[in-house]
Amino acid sequence: MGSIGSQPSLEKILTLKPDLILALTWLKNSYKLLSNIAPTVMIDFPKMYDFKERLRYVAQVLGKSDRAEELLTHYQNRIQKLRQQLGKQLETKTISVIYLAASADVFYSYRADFLGYGQIITDAGLPLIQQTQKERQLTLSIEVLPEYDADYLL
């Protein structure tokens, strides 16, 4: 099992001789080609962005639903332990997350519930700043950073 990247090469996929191909729906135009290589299951990421929901879906496809539930129970136990350890230490603190692009003058910000980090931070009960900007990609500048100001900036 492995990732072939965001711009998949059909030649590379063929050399891997996969038993199953999991692809995001943005590759739907390649579905017919991919399904000629191996059974292909599309994952609708924009609609299934909750990592727990995706895990359950992929586990169901693989016939491993019980294992997924075990992992999610383990995750919930760890989250509860973290919440107990943190107590009220971070209750009054704020957290903001941005991603710097390769050019280092552009950064990305996502809804807190869109990516795994936000879901984990929220599950842990930590106060993640809700970004209000309409654009996902912003040019890094001193004027824009105050919108993301927090006690902890990741």
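Residues numbered from 1 in each chain as written. Predicted model: local features only at pLDDT ≥ 70, side-chain atom pairs only at ≥ 80, totals over all residues. Heavy atoms only, no water.

A.B. asks: Account for the nonpolar core, with residues named and values stated.
C.D. replies: If you look at the biggest cluster of nonpolar residues, it comprises 11 residues: Tyr75, Ile79, Leu86, Leu90, Ile95, Val97, Tyr117, Ile121, Ala124, Leu126 and Leu128. The set of elements that each furnish at least two residues to this core consists of helix H4 (65-86) and helix H5 (116-123). Ranked by residues supplied to this core, first place goes to H4 with three residues. Ala124 has contacts with Ile79, Leu82 and Arg83, leaving out every residue within four places of it along the chain. If you look at the next biggest cluster of nonpolar residues, it comprises seven residues, including Ile21, Ala23, Leu34 and Met42. (Core = buried A, V, L, I, M, F, W, Y, C linked by side-chain atoms within 4.5 Å. Buried < 20%, exposed > 50% of the residue type's maximum accessible area, 1.4 Å probe, protein only. Helix = DSSP H or I, 4+ residues; strand = E, 2+ residues; numbered from the N terminus. Contact = heavy atoms within 4.5 Å.)

A.B. asks: Please set out H5 residue by residue, giving values where relevant.
C.D. replies: Listing the buried residues of H5 in full gives Tyr117, Gly118, Gln119, Ile121 and Asp123. Where H5 is buried, its residues touch helix H3 (51-62), H4, strand S3 (95-96) and strand S4 (99-100). Count one or two residues on from H5 and you reach Gly125, which has phi positive near 80 degrees.

A.B. asks: Residue-level account of a nonpolar patch on the surface, with values.
C.D. replies: Residues Leu22, Val61 and Leu62 make up a contiguous nonpolar surface patch of roughly 220 Å² in combined accessible area. Along the chain, Leu62 falls in helix H3. When its relative accessible area of 45% is taken as the criterion, Leu62 is described as partly exposed. (Patch = residues over 30% accessible without salt bridge, like charges linked within 9 Å, V, L, I, M, F, W, Y side chains within 5 Å. Areas by Shrake-Rupley, 256 points an atom, 1.4 Å probe, with all protein chains shown as cover. Salt bridge = Lys/Arg side-chain N within 4 Å of Asp/Glu carboxyl O.)

A.B. asks: Outline unusual backbone geometry, listing residues and values.
C.D. replies: Negative phi values dominate among residues other than glycine, just as trans dominates among peptide bonds. Notably, Lys17 is not glycine yet its phi reads approximately 50 degrees, a positive angle. You can see Lys17 is positioned in the loop between helix H1 (10-16) and strand S1 (21-24). Exposure remark for Lys17: the relative accessible area of 68% places this residue in the exposed category.

A.B. asks: A description of the packing of H3 against H4 should follow, citing residues and the corresponding values.
C.D. replies: When two helices pack together, their arrangement is given by the angle between the helix axes and by the axis-to-axis distance. Across the interface, H3 lies against H4 with an axial gap of 8 Å and an inter-helix angle of 155 degrees. Of the possible angle classes, the one that applies to H3 and H4 is roughly antiparallel. Here H3 and H4 pass one another in a crossing that is right-handed. For the pair formed by H3 and H4, the contact residues are Phe51, Lys52, Leu55, Arg56, Ala59 and Gln60 on the first element and Ser65, Ala68, Glu69, Leu71, Leu72, Tyr75 and Gln76 on the second. (Axes fitted to C-alpha atoms, helices over the stretch in contact; angles between N-to-C directions. Parallel < 35°, antiparallel > 145°, perpendicular 65-115°, else oblique. Left-handed = near helix turned anticlockwise from the far one by under 90°.)

A.B. asks: If you had to explain the packing of H4 against H5 to someone new, which residues and values would you point to?
C.D. replies: Taken N-terminus to C-terminus, the directions of H4 and H5 make an angle of 55 degrees; their axes are 9 Å apart at the nearest point. With respect to their mutual orientation, H4 and H5 come out oblique. Here Tyr75, Gln76, Ile79 and Arg83 of H4 lie close against H5, whose contacting residues are Gln119, Ile120 and Asp123. Looking at the contact of H4 with H5, its residues break down into three nonpolar, two polar and two charged. (Nonpolar A, V, L, I, M, F, W, Y, C, P; charged D, E, K, R; others polar.)

A.B. asks: Before we move on, can you summarise H3 with the specific residues and values?
C.D. replies: Under the 1.5 Å per step criterion, the end-to-end length of H3 is 16 Å for 12 residues, consistent within 8% with the ideal 16 Å. When H3 is considered as a whole, its buried residues turn out to be Lys52, Arg54 and Ala59. Angularly, the buried residues of H3 cover 160 degrees about the axis, an arc narrow enough to put them on a single face. Each element contacted by the buried residues of H3 is listed here: strand S2 (40-43), H4 and H5. At the N-terminal boundary of H3, the capping side chain belongs to Asp50, with an oxygen 2.7 Å from the backbone nitrogen of Lys52. Looking at the residues trailing H3, positive phi occurs at Gly63, about 70 degrees. (Expected span 1.5 Å × (residues − 1). Arc of directions from axis to C-beta. Polar contact = N/O pair within 3.5 Å; in protein donor to acceptor, adjacent residues only side chain to side chain.)

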